[in-house]
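Secondary and tertiary structure notes
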Amino acid sequence: MSHPLLSLREGPVARLRLNRPELHNAFDAILIAALTGALDAVAADDSVRVVVIEGEGASFSAGADLNWMRGMAQAGEDANREDALALARLMRTLNELPKPTLARVQGAAFGGGVGLVACCDIAIAAPEAKFGLTESKLGLLPAVISPYVIEAIGARESRRWFATAEIFDAATALRIGLLHEVVAADQLDAAIDRQIGLLLKAGPRAAAHAKTLVRRVAGERDGARLDADNAALIAGLRVSAEGQEGLTAFLDKRKANWCP
């Protein structure tokens, strides 16, 4: 039996590929644990600077495996709570990963698959990709992934898609903010590579702090505290080894030492 997750390295780029194509890369407990563990590993690896989340075969991820869901339907509430917390840990780990993340979406992303897309910093899809928060058809809701989907597409759009379970296309996903870019299928890898190239030109520490900065600024309501925290952040970055190298390289009109 093939492993449900492939961890591939291309220099400083880690590709985590969901590898259950016969099941449209649907989640089960084993895949959730494998992906969470792989994310923990790349978070601790200083040689990894960019992470790509992708799916093998025709689909990105169809969400929950039906056989897994059937088993959980027979379990008690406590077991279901622990199961949901495992998925919640996966999503939070991806969302807060101290590395830039990209979602390469070549095909369908439903349920938890949409959650993965929403948790990534950059999401690029082919026009053929389809999306759906389909849980309400089963009498359920996308509760675990809701913080990340709502952050990506907003409360107004979420109220519609959570309730209707309607399937929407890549153009709609781009319009509502789930995607950053839609490109022809034969240009998808080139678009991902372009973003990787841009990210590798950024200082590793700066790239790692970027999502933390956005999350903190978005949630802070105390203006004075926000100003103080932001001033402390930029001051620390300016005097750091990375900041000094970046500024010196710019003034010397050369590449910084972290650039490929």
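Structure: above.
Residues numbered from 1 in each chain as written. Predicted model: local features only at pLDDT ≥ 70, side-chain atom pairs only at ≥ 80, totals over all residues. Heavy atoms only, no water.

**Side note on the packing of helix H4 (residues 112-119) against helix H5 (residues 146-153)**
Remark: H4 packs on H5, axes separated minimally by 8 Å, with the N-to-C direction vectors making an angle of 55°. Relative to H5, the element H4 lies oblique. Our pair here, H4 against H5, has a crossing hand that is left-handed. Between H4 and H5, the contacting residues are Val114, Gly115, Ala118 and Cys119 on the first element and Tyr148, Val149 and Ala152 on the second. (Axes fitted to C-alpha atoms, helices over the stretch in contact; angles between N-to-C directions. Helix = DSSP H or I, 4+ residues; strand = E, 2+ residues; numbered from the N terminus. Parallel < 35°, antiparallel > 145°, perpendicular 65-115°, else oblique. Left-handed = near helix turned anticlockwise from the far one by under 90°. Contact = heavy atoms within 4.5 Å.)

**Side note on helix H6 (residues 155-164)**
The complete set of buried residues in H6 reads Glu157, Ser158, Trp161 and Phe162. The buried side chains of H6 occupy one side of the element, clustering within an arc of 120° when seen end-on. For H6, the exposed residues lying more than 90 degrees away from the buried face are Arg156, Arg159 and Ala163. Alanine 165 sits one or two positions beyond H6 and adopts a positive phi of about 60°. (Buried < 20%, exposed > 50% of the residue type's maximum accessible area, 1.4 Å probe, protein only. Arc of directions from axis to C-beta.)

**Focus: the side chain of threonine 101**
Tracing the chain through its elements places threonine 101 in strand E4 (residues 101-105). A relative accessible area of 0% means that threonine 101 is categorised as buried. Excluding its chain neighbours within four sequence positions, the residues that come into contact with threonine 101 are Val51, Leu94, Cys119, Cys120, Asp121, Ile122 and Lys211.

**Thoughts on the packing of aromatic side chains**
Applying the stated criterion across every chain, the model contains 2 aromatic pairs. Relative to phenylalanine 168, the ring of phenylalanine 131 has its centre 5.8 Å away and its plane inclined at 20°; by these criteria the two rings are stacked. Note that phenylalanine 131 is positioned in strand E7 (residues 130-132) and phenylalanine 168 in strand E8 (residues 167-169), a separation of 37 residues in sequence. For the residue pair phenylalanine 131 and phenylalanine 168, the accessibility class agrees, reading buried in each case. The interplanar angle of 45° and the centroid separation of 4.5 Å between the aromatic rings of tryptophan 161 and phenylalanine 168 together place this pair among those described as tilted. The pair formed by tryptophan 161 and phenylalanine 168 is uniform in burial state, with each residue classed as buried. One aromatic cluster in this structure is built from Phe131, Trp161 and Phe168. (Phe/Tyr/Trp six-rings, centres within 6.5 Å; stacked < 30°, edge-to-face > 60°.)

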